[in-house]
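The lines below spell out each chain.
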Amino acid sequence: MRIGVNVPNFGPGTDPGILRGWATTVEGLGYDLLMVSDHVVITPDVAEQYPAPFYEPFTTLSWLAGVTDRIRLGTTVLIVPYRHPLLIARMAANLNQLSGGRLVLGVASGWARQEFAALDVPFEHRGRLTDGHLDAVRKAWADDADYRAGDIPIWVGGNSDAGIRRAVRVGDAWHPLRATLPWLTEALTRVKTIADAHDRPVPAFAPRILLNVTEHPVIGPDRPAGEGTIEQIVDDLDRLQHLGAETVVLDPFSGDPDETLRPEAAWQALATVAAHWELGRYRTEQDRR
């Protein structure tokens, strides 16, 4: 199982130097994947969670591709209706080629109603738009003489049944965001049921979970995966591996924008996980293959 990191590409402390620091830290610790999120207009509903400045994901990942060597680069998640599908197809294909085939395209239909209005995109039609756009992206990529997309995996985000159906229909992986282990365990059964009903293969499992290392154990049925002592977090990773996760993305941002002013705390948490999960040994084994 591979481990990735969701890097804040927003907030008062974020600038090119901090983004470079995140990239070199995450890659240096042996993580496999660096992902960033997506917003275009920082409307009030977006700013409550992801305040300005906000660095656009394709631009940011293109720049980070040049300051990293091996780590995969991805979006968690690109809001598909915000851009014309042929623009998505072109930008993703170019980024994948320029980075040496390192792109993972995580996608979803979005949630910020005010941002949709600012972009003049109908919020009520976001699901249908997402489905149509993803079909158009796949069709564009089939023109290898032009797009030269290579093999870009599409991870479909969304914890609802609609998101699961979309992952089954067009996704290489289902990418649920921040949940408890019992919920994920039950949801995987629904994924298989939906895939069987549509006579489709079950997509790979690539969850994004919280990362919050605590001194004392976190107890209770609502404990999100990835929160607790390092022993609890390692146990969560073990259980996710046994559930069939191919990649788990750790999200060290707990919701306070001022965290972006002090990234060293998150870097220390990532270093602790890396040491206990022995990422360095895993990376060496992968490089030898």
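- Going by the annotation in an unreviewed UniProt entry, the name recorded for the chain is LLM class flavin-dependent oxidoreductase, with Amycolatopsis coloradensis given as the source organism.

### Details of the overall build of the chain
Here comes step 1: Within the chain, the secondary structure is distributed over 11 helices and 11 strands.
Here comes step 2: Here the C-alpha radius of gyration of the chain, 18 Å, is about what a compact globule of 289 residues would show, namely 19 Å.
Here comes step 3: Summarising its shape, the C-alpha atoms of the chain cover approximately 50 × 45 × 45 Å along the three principal directions.
Here comes step 4: Going through the 289 residues of the chain one by one, you find that 54% of them count as buried.
Here comes step 5: Taking all contacts inside the chain whose residues are at least 6 apart in sequence as the whole, residues at least 24 apart take part in 74%.
Here comes step 6: Of the roughly 12800 Å² of accessible surface on the chain, a fraction of 52% belongs to carbon and sulfur atoms.
Here comes step 7: In the chain, 28 side chains carry a positive charge and 38 a negative one; their mean positions are 5 Å apart.

### Overview of the packing of aromatic side chains
By convention here, two paired aromatic rings are described through the distance between centres and the angle between planes.
Here comes step 1: On inspection of all chains with the given rule, the structure shows eight aromatic pairs.
Here comes step 2: Summarising the aromatic geometry, the rings of Trp22 and Trp267 are spaced 5.8 Å apart at their centres and angled 85° between planes, so their arrangement reads as edge-to-face. Of the two residues, Trp22 is situated in helix H1 (residues 16–28) and Trp267 in helix H10 (residues 264–277); the sequence distance between them amounts to 245 residues.
Here comes step 3: We note Arg126 situated over the ring of Phe123; from NZ or CZ to the ring centre the distance is 3.9 Å.

### Structural notes on the sheet that holds strand E8 (residues 208–210)
Here comes step 1: Spatial ordering of the open sheet is given by E7-E6-E5-E4-E3-E2-E1-E11-E8, a layout of nine strands whose pairing is parallel. On the outer flanks of this sheet lie strand E7 (204–205) and E8, each paired with one strand and no other.
Here comes step 2: Relative to strand E4 (residues 103–108), strand E3 (residues 72–79) runs parallel, the two sharing five bridges. Within the sheet, the bridge partner assigned to Leu78 lies in E4 and is Val107.
Here comes step 3: Helix H3 (residues 57–66) contacts strand E2 (33–36), E3 and E4 of the sheet and is inclined by roughly 175° relative to E3.
Here comes step 4: Of the strands in this sheet, E3 and E4 touch helix H4 (residues 85–98), which is tilted by about 155° from E4.

### Structural notes on the packing of H4 against helix H6 (residues 126–141)
To describe two helices that pack against each other, one gives the angle between their axes and the distance between the axes.
Here comes step 1: Where H4 meets H6, the closest approach of the two axes is 8 Å, and the angle between their N-to-C directions is 50°. Between H4 and H6, the angle is such that the two are oblique. Between H4 and H6 lies a crossing whose hand is right-handed. Listed contacts from H6 to Pro85, Leu86, Ile88, Ala89, Ala92 and Ala93 of H4 are His133, Ala136, Val137, Ala140 and Trp141.

### With respect to the nonpolar core
Here comes step 1: By size, the foremost hydrophobic cluster in this structure holds 69 residues, and its most contacted members are Tyr31, Leu105, Trp141 and Leu250.
Here comes step 2: Excluding residues within four positions of it along the chain, Leu105 makes contact with Phe58, Thr75, Leu78, Ile88, Ala92, Trp141, Ile152, Pro153, Ile154 and Trp155.
Here comes step 3: In terms of nonpolar packing, the next biggest core, distinct from the first, is built from 13 residues, Tyr50, Val77, Ile79 and Tyr82 among them.

### Observations concerning the packing of helix H9 (residues 230–242) against H10
Here comes step 1: Packing of H9 against H10 leaves a shortest axis separation of 10 Å and a crossing angle of 60°. Between H9 and H10, the angle falls in the class oblique. Taken as a pair, H9 and H10 cross one another with a handedness that is right-handed. On the side of H9, the interface is formed by Ile230, Ile233, Val234, Leu237, Asp238 and Gln241, while H10 contributes Thr272, Val273, His276 and Trp277.
Here comes step 2: The residue makeup of the contact of H9 with H10, split by class, is six nonpolar, three polar and one charged.

### Focus on the pattern of salt bridges
Two side chains carrying opposite charge are able to pair once their charged atoms lie near each other.
Here comes step 1: Scanning the entire structure with this criterion turns up 16 salt bridges.
Here comes step 2: Residue Asp32 is joined to Arg72 by a salt bridge in which the shortest nitrogen-to-oxygen separation is 2.5 Å. One end of the pair, Asp32, is in the loop between H1 and E2; the other, Arg72, is in strand E3, and 40 residues separate them in sequence.
Here comes step 3: Here Arg138 ties to Asp172 by a salt bridge, and the two come within 3.1 Å at their closest N and O atoms. Of this pair, Arg138 sits in helix H6 while Asp172 sits in the loop between helix H7 (161–170) and strand E6 (173–175); the two residues are 34 residues apart in sequence, bridging distant segments of the chain.

### So, the side chain of Asp236
Here comes step 1: Note that Asp236 resides in helix H9.
Here comes step 2: For Asp236, a relative accessible area of 0% puts it in the buried group.
Here comes step 3: Contacts of Asp236, omitting those with residues within four sequence positions, involve Leu181, Arg223, Ala225, Gly226 and Glu227.

Here is what the cut-offs are and how they apply
- Residues numbered from 1 in each chain as written.
- Predicted model: local features only at pLDDT ≥ 70, side-chain atom pairs only at ≥ 80, totals over all residues.
- Heavy atoms only, no water.
- Helix = DSSP H or I, 4+ residues; strand = E, 2+ residues; numbered from the N terminus.
- Rg over C-alpha atoms; globule rule 2.2 N^0.38 Å.
- Buried < 20%, exposed > 50% of the residue type's maximum accessible area, 1.4 Å probe, protein only.
- Contact = heavy atoms within 4.5 Å.
- Areas by Shrake-Rupley, 256 points an atom, 1.4 Å probe, with all protein chains shown as cover.
- Lys, Arg positive; Asp, Glu negative; His and termini not counted.
- Charge placed at Lys NZ, Arg CZ, Asp CG, Glu CD.
- Phe/Tyr/Trp six-rings, centres within 6.5 Å; stacked < 30°, edge-to-face > 60°.
- Lys NZ or Arg CZ within 6 Å of the ring centre and 35° of its normal.
- Pairing = 2+ DSSP bridges.
- Axes fitted to C-alpha atoms, helices over the stretch in contact; angles between N-to-C directions.
- Parallel < 35°, antiparallel > 145°, perpendicular 65-115°, else oblique.
- Left-handed = near helix turned anticlockwise from the far one by under 90°.
- Core = buried A, V, L, I, M, F, W, Y, C linked by side-chain atoms within 4.5 Å.
- Nonpolar A, V, L, I, M, F, W, Y, C, P; charged D, E, K, R; others polar.
- Salt bridge = Lys/Arg side-chain N within 4 Å of Asp/Glu carboxyl O.

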